[in-house]
Amino acid sequence: LAKTTQPISMDSYEGQEVNITCSHNNIATNDYITWYQQFPSQGPRFIIQGYKTKVTNEVASLFIPADRKSSTLSLPRVSLSDTAVYYCLVGDLPFSGGYNKLIFGAGTRLAVHP
Amino acid sequence: NAGVTQTPKFRVLKTGQSMTLLCAQDMNHEYMYWYRQDPGMGLRLIHYSVGEGTTAKGEVPDGYNVSRLKKQNFLLGLESAAPSQTSVYFCASSYSPRVAVTYEQYFGPGTRLTVT
């Protein structure tokens, strides 16, 4: 199973760009990289997903180098409301032949300050 | 469109009691999941289902049972609750990978369970 490593916490200020890097050295060929955001007392919410190179949507960008052993979630111009826990997940969707390989680690706790 | 709903929101059980958590989704998703989240930790998969009438074990299935009698509902049962099962339980659903554009899971608001 692909294990991910993320910083435990990060601090930023409103208006800054925040980059959270996740390392996944044993990512498999079929694995996708997915990021979720979780606010206190709520379920996680999907942010972005990618397989290689760069993916951008209305809230974030995801950068994946050619070797795919790491990925970086980029949040442009964060606001106080971006204070949350961010999870990097690596895995294939279930479930042919085995159980779900989507592993939520402890995540990165991002605090955005005024 | 309510998305994923969970019942109840809070529950306190005594050791040895049983209960069932209900998850319902109105997005016609094939796949459904039950996770637990302990303080300061990520989510761990308990059981999942890839379609009506099918269930399978996840990472931490012991002490739990599930049923998926209807496509829109996924039930999580605790037959004999233990203090170690004190946690927040999240249900999620997703499209089948055969039709999904992304592997996005939609999560419910969670059920906070305390076993004393």
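Residues numbered from 1 in each chain as written. Chains lettered and ligands numbered in written order. Predicted model: local features only at pLDDT ≥ 70, side-chain atom pairs only at ≥ 80, totals over all residues. Heavy atoms only, no water.

This part covers the confidence of the model for chain B. Predicted confidence across chain B gives a mean pLDDT of 92, with 95% of residues reaching 70 or more. Of all the helices and strands in chain B, strand 5 (residues 43-51) of chain B carries the lowest mean pLDDT, 90, while strand 8 (residues 73-78) of chain B carries the highest, 98. (pLDDT = per-residue confidence, 0-100. Helix = DSSP H or I, 4+ residues; strand = E, 2+ residues; numbered from the N terminus.)

With that settled, the discussion passes to the pattern of salt bridges. Residues and elements named next belong to chain B. Applying the stated rule across the entire model yields three salt bridges over all chains. Two residues, R36 and D38, come together in a salt bridge whose shortest N-O distance is 2.9 Å. When its relative accessible area of 12% is taken as the criterion, D38 is described as buried. In this structure, R44 and D38 form a salt bridge, with 2.6 Å as the shortest nitrogen-oxygen distance. Salt bridges linked by common partners bring R36, D38 and R44 together as one network. (Salt bridge = Lys/Arg side-chain N within 4 Å of Asp/Glu carboxyl O. Buried < 20%, exposed > 50% of the residue type's maximum accessible area, 1.4 Å probe, protein only.)

Residue and element names in this part refer to chain A. Inspection of the secondary structure puts T29 in the loop between strand 2 (18-23) and strand 3 (32-38). Residue classification places T29 among the exposed positions, given a relative accessible area of 61%. In sequence terms T29 and R68 are 39 residues apart; their C-alpha atoms lie 9.3 Å from each other.

A few words on the sheet that holds strand 6 (residues 61-64) of chain A. All names here are of chain A. Pairing within the open sheet is antiparallel, and its four strands lie in the order 2-7-6-5. Bordering the open sheet on either side are strand 2 and strand 5 (53-56), each of which pairs with just one other strand. Going across the sheet, the axis of each strand differs from the next one's by a mean of 15°, ignoring polarity. Pairing of strand 6 with strand 7 (residues 70-75) involves three bridges; the strand directions are antiparallel. By the bridge assignment, L62 is partnered in strand 7 with L73. (Pairing = 2+ DSSP bridges. Axes fitted to C-alpha atoms, helices over the stretch in contact; angles between N-to-C directions.)

All names here are of chain A. By size, the foremost hydrophobic cluster in this structure holds 20 residues, and its most contacted members are I33, W35, I47, L73, L75 and Y86. Within the residue set of this core, elements represented by two or more residues are strand 2, strand 3, strand 4 (45-50), strand 6, strand 7, strand 8 (84-91) and strand 9 (108-113). Among the elements that take part in this core, strand 8 stands out by supplying four residues, more than any other. Ignoring sequence-local partners within four residues, the contact set of I47 consists of W35, Y36, Q37, N57, V59, A60, L73 and Y86. (Core = buried A, V, L, I, M, F, W, Y, C linked by side-chain atoms within 4.5 Å. Contact = heavy atoms within 4.5 Å.)

The volume enclosed by the largest pocket comes to roughly 570 Å³. Forming the boundary of the largest pocket are 30 residues, of which Q38(A), P40(A), S41(A), Q37(B) and R112(B) lie nearest the centre. Elements with a contribution of two residues or more to the lining of the largest pocket: strand 8 and strand 9 of chain A together with strand 9 (87-94) and strand 11 (111-115) of chain B. Looking at which element gives the most residues to the lining of the largest pocket, the answer is strand 11 of chain B, with four residues. What the second largest pocket holds in volume is close to 220 Å³. Lining the second largest pocket are Q37(A), F39(A), R45(A), F46(A), I47(A), V59(A), L75(A), P76(A), V78(A), S81(A), D82(A) and Y86(A). For the lining of the second largest pocket, the element with the most residues is strand 4 of chain A, which contributes three residues. Among the residues forming the lining of the second largest pocket, the class breakdown is eight nonpolar, two polar and two charged. (1 Å grid on protein atoms, 1.4 Å probe; cavity = no way out; pocket = protein on both sides within 12 Å on 5 of 7 lines; lining within 4 Å. Points joined across faces, edges and corners; volume = space filled by probe spheres on them. Nonpolar A, V, L, I, M, F, W, Y, C, P; charged D, E, K, R; others polar.)

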